[in-house]
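Coordinates in review
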Amino acid sequence: MFLELKNITKAFGQTVANDNISFGLNKGEILAVIGENGAGKTTIMKILYGLNRADSGEIFLEGKKITIHSVQDAIAHRIGMVQQHFMLFDEYTVAENIVYGKEPSKKGFFDRKRAMTIVQELGVRYGLFIDPELRVEDCSVGMRQRIEILKVLYQDADIIIFDEPTAVLVPQEIEGLLKTLKHLASLGKSIIIITHKLQEVMDVADRAVVMRKGKYVGERKISETNIRELSYLMVGKGIPPRQIERKEPGKTVLEVEELYYESDGVSILKGLSMHVKEGEIVGLAGVSGNGQTELIQCLTGLLYPSKGRIRLNGADILGKSVREIRDAGCSHIPEDRYAFGCASRADLEETAIMGYEYQTTFSHRGILNQKQNCSFSMELLTKYNVKYNSIRDQAGALSGGNIQKLIVAREIEHQSKFLIAAEPTRGVDIGAQEFIHDRLVEKRNRGDGIFLVSSELSEILSLSDRVYVIYDGRIQGEFRREDATTEKVGYLMMGGHDEQG
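Because the structure is predicted, anything quoted here is derived from the model rather than measured.

**Topic: the overall build of the protein**
If you tally the helices and strands in the protein, you get 17 helices and 24 strands. Taken against the 2.2 N^0.38 rule, which gives 23 Å for 501 residues, the C-alpha radius of gyration of the protein at 24 Å falls within 12% of a compact globule. For the protein, the C-alpha atoms occupy an extent of roughly 70 × 50 × 50 Å along the three principal directions. Here the protein, with 501 residues, has 51% of them falling under the buried criterion. A total accessible area of about 23,000 Å² is found for the protein, and carbon and sulfur atoms account for 47% of it. Between the mean site of the 64 positive side-chain charges and the mean site of the 70 negative ones, the protein shows a separation of 3 Å.

Structure follows, in structure tokens:
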């Protein structure tokens, strides 16, 4: 083995995140480390990268025992990590970010020209082309990830760890990243990828190590396994196929007519019309960047449309405030859990009632009902299996998947008649995905309307009673569940025209 971790143990208080974990990595191999949220995957990778220090255990590199107590130690051993949340300076150029901390100099000054050349040469060598003079603030998410990868390669890393690398990427960017991982492995780089997406594991990895509740469960060669077996190892049980009963929808809860939105003179929503009825899940499929975000923000009061009409439960909500729209019966699972779903320094109790704290259930004359709020929060955390140490933990201290589960719990359990679920399972493991999907179906079966927006087409097709396809700010087509296929929907997502329309 090129790299070996032996008997790694790490505890945080009474919680054992890694319990006597051992596994290895071969030279030029892509190894997937998979498991549910809270399985200990990220913790052991942070130990390998020097962000955490193990309580016990050993690490061997090319047969020699090494000590990693800091990131500098990891880099010295040619270990790099591309983290889920990028660590870049927005106001700096691509080249400045990549060489930061190891800048080329000339006569004691930063050699900007040399930095540009270095980035161009790295791009050519690894097939990761990017303009070194671009400012990071002008780069897409996929481009930012490319910068992070080039930073690690600039540090001469032979082992590269990727933590949930596709969680924030659109489908085309995911395809490009997987090709990059295979190319890096072909050049002799050893790759460790932490991911919840088992299809990606099957597509790119050579081998998978499975963890559950802080323990090593087993490993499989990808050529000798399948998604069903890996999911069973992850959650400890088989996941039966979901059956959604056919249901006659009720009256219309959301009606959008001829909605237009412009930004800086650019037309983004172009006469979009759609509706959602009681007792149905309506999916919106589309490649990211075609107006989904702006539509959601117009519906929730974060943006003001240029013109059009939006009615919720029979009431006109166009131009209403976020609070007024929530009071009218709209709950919202936001696509960006950190920007819109929580405050990183708020504790879990505050997060569980956020957006509803003014209601009489949670406060009286501006004074929070702490006993009631604590009890309510604990119920949500338990029901949705959120991994945490204390109700006073900060939201920012939870893993992405666990804070996602708490936000989903808050919005679903509020019992509104209409729910916007934007990327509801982003960054959560397969067991949590199934649990969240079940809760959405339950809400639908109670007669509530759900508007589901997801970059995962499989999620849209498996849950939706009807599917709209958005392209370039317009509804490109509409399908009933029985007519919606990957081929038909995918064709419209790329700008094709519905022959039936």
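**Re the nonpolar core**
If you look at the biggest cluster of nonpolar residues, it comprises 49 residues, and the most contacted ones within it are I34, I98, I160, L181 and V201. Beyond its immediate sequence surroundings of up to four residues, I34 is in contact with K41, T195, L198, V201, A208, V209, V210, M211, L230 and M234.

**Concerning helix α9 (residues 292-300)**
Every α-helix winds through 3.6 residues per turn, so residues three or four apart in the chain are directed the same way. Counting buried residues in α9 gives 7 out of 9 residues, a clear majority hidden from the surface. For α9, every residue scored as buried is listed here: Q292, L295, I296, Q297, C298, L299 and T300.

**Some thoughts on unusual backbone geometry**
Even without being glycine, R78 reaches a positive phi, approximately 60°. Its place among the elements puts R78 in the loop between α2 (71-76) and β6 (79-82). By relative accessible area, which is 40% here, R78 ends up partly exposed. Positive phi, normally seen in glycine, also occurs at E423, with a value near 50°. Looking at the secondary structure, you find E423 in the loop between β21 (418-422) and α15 (430-445). Classification of E423 as buried rests on a relative accessible area of 7%.

**Things to note about helix α14 (residues 400-412)**
Helix length check: α14, at 13 residues, gives a terminal C-alpha distance of 18 Å against a target of 18 Å (1.5 Å per residue), a fit within 8%. Counting buried residues along α14, 13 of its 13 residues qualify, which places the element largely inside the surrounding structure.

**Some remarks on the packing of α14 against α15**
Between α14 and α15, whose axes approach to 11 Å, the crossing angle comes to 10°. The orientation of α14 with respect to α15, classified from their angle, is roughly parallel. Along the contact surface, α14 presents K405, V408 and I412, while α15 presents A432, I436, R439, L440 and K443. For the contact of α14 with α15, the class distribution of residues is 5 nonpolar, no polar and 3 charged.

**A word on the sheet that holds strand β22 (residues 449-453)**
The sheet built from 6 strands is open, its strands ordered β18-β21-β22-β15-β23-β24 with mixed pairing. Looking at which strands have only one partner, the edges of the open sheet turn out to be β18 (330-333) and β24 (474-480). Averaged over all pairs of adjacent strands, the angle between strand axes in this sheet comes to 20°, irrespective of strand direction. Across 5 bridges, the pairing between β21 and β22 is parallel. Following the sheet pairing, A421 is matched in β22 by L452. Helix-sheet contacts for α14 involve β18 and β21, and the interaxial angle to β18 is about 170°.

**Re the pairing of β24**
Summarising the sheet, strand β23 (residues 466-471) and β24 pair through 6 bridges and their orientation is antiparallel. Note on β24: the bridge partner recorded for V469 is G477.

**Structural notes on the sheet that holds strand β14 (residues 266-277)**
Pairing is antiparallel in the open sheet, where 4 strands are placed in the order β14-β13-β16-β17. Each edge of the open sheet carries a strand with a single partner, namely β14 and β17 (315-316). The pairing of strand β13 (residues 252-263) with β14 spans 9 bridges and is antiparallel. Along β14, the bridge assignment pairs L254 with V276.

**Describing the environment of I68**
Structurally, I68 is set in the loop between β5 (64-66) and α2. Here I68 is in contact with I47, L48, Y49, G50, I59, D73, A74, H77 and I79, once residues within four sequence places are set aside.

**Remarks on the packing of helix α4 (residues 112-126) against helix α5 (residues 141-154)**
Look at α4 against α5: their axes get within 11 Å of each other, and the N-to-C directions meet at 100°. By the criterion of interaxial angle, the relationship of α4 to α5 is roughly perpendicular. Residues I118, L122, G123 and Y126 of α4 pack against L150, L153 and Y154 of α5. For the contact of α4 with α5, the class distribution of residues is 6 nonpolar, 1 polar and no charged.

**Some details on the pairing of strand β15 (residues 281-285)**
Taking burial as the measure, the 5 residues of β15 include 5 buried ones, the bulk of the element. Of the two faces of β15, the one lined by I281, G283 and A285 and the one lined by V282 and L284 are each fully buried. As paired strands, β15 and β22 are joined by 4 bridges and run parallel to one another. Looking at the pairing, I281 lines up with I450 of β22. The pairing of β15 with β23 spans 4 bridges and is classified as parallel. If you follow L284 over to β23, its bridge partner there is Y468.

Cut-offs applied
- Residues numbered from 1 in each chain as written.
- Predicted model: local features only at pLDDT ≥ 70, side-chain atom pairs only at ≥ 80, totals over all residues.
- Heavy atoms only, no water.
- Helix = DSSP H or I, 4+ residues; strand = E, 2+ residues; numbered from the N terminus.
- Rg over C-alpha atoms; globule rule 2.2 N^0.38 Å.
- Buried < 20%, exposed > 50% of the residue type's maximum accessible area, 1.4 Å probe, protein only.
- Areas by Shrake-Rupley, 256 points an atom, 1.4 Å probe, with all protein chains shown as cover.
- Lys, Arg positive; Asp, Glu negative; His and termini not counted.
- Charge placed at Lys NZ, Arg CZ, Asp CG, Glu CD.
- Core = buried A, V, L, I, M, F, W, Y, C linked by side-chain atoms within 4.5 Å.
- Contact = heavy atoms within 4.5 Å.
- Expected span 1.5 Å × (residues − 1).
- Axes fitted to C-alpha atoms, helices over the stretch in contact; angles between N-to-C directions.
- Parallel < 35°, antiparallel > 145°, perpendicular 65-115°, else oblique.
- Nonpolar A, V, L, I, M, F, W, Y, C, P; charged D, E, K, R; others polar.
- Pairing = 2+ DSSP bridges.

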